[in-house]
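Structural overview
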Amino acid sequence: MERSPAVFAAAVFLLYGTALLAWTGACARRGAPVAEGVRPSLALPAALLGAAASLALGAWCLAHL
């Protein structure tokens, strides 16, 4: 009964983390700003940390089914 919400949460975390990682990589490769009005030296690591945390949470949800 609790598997469906866990699978849904894992899918959301994994999709968000993957999309954020791809978008951050594309912005960094082009030299475009990652976040508007934020220094690149702070925005890039913060976005990468957010993507990694989301991917880790998605993997954790799948591991605890």
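One can find the structure itself at the top, above this paragraph.
Throughout what follows, the structure given in this document is the object of discussion. (Residues numbered from 1 in each chain as written. Predicted model: local features only at pLDDT ≥ 70, side-chain atom pairs only at ≥ 80, totals over all residues. Heavy atoms only, no water.)

**Topic: the packing of helix 1 (residues 3-30) against helix 2 (residues 40-63)**
Contact geometry for helix 1 and helix 2: axes closest at 8 Å, N-to-C directions at 155°. With respect to each other, helix 1 and helix 2 are oriented roughly antiparallel. Handedness of the crossing formed by helix 1 with helix 2: left-handed. Packed against helix 1, whose contacting residues are Ala6, Ala9, Ala10, Phe13, Leu14, Tyr16, Gly17, Thr18, Leu20, Leu21, Thr24 and Ala28, the element helix 2 presents Leu44, Ala47, Leu48, Gly50, Ala51, Ser54, Leu55, Leu57, Gly58, Ala59, Cys61 and Leu62 at the interface. Here the residues of the contact of helix 1 with helix 2 sort into 18 nonpolar, 6 polar and no charged. (Axes fitted to C-alpha atoms, helices over the stretch in contact; angles between N-to-C directions. Helix = DSSP H or I, 4+ residues; strand = E, 2+ residues; numbered from the N terminus. Parallel < 35°, antiparallel > 145°, perpendicular 65-115°, else oblique. Left-handed = near helix turned anticlockwise from the far one by under 90°. Contact = heavy atoms within 4.5 Å. Nonpolar A, V, L, I, M, F, W, Y, C, P; charged D, E, K, R; others polar.)

**Concerning helix 1**
Note that an α-helix has 3.6 residues per turn; residues three or four places apart therefore point the same way. Here helix 1 contains 28 residues, and its C-alpha end-to-end distance of 40 Å stays within 8% of the 40 Å for a straight helix at 1.5 Å per residue. Looking at the buried side of helix 1, the elements it contacts are helix 2. Two residues or fewer after helix 1 comes Gly31, characterised by a positive phi angle close to 85°. (Expected span 1.5 Å × (residues − 1).)

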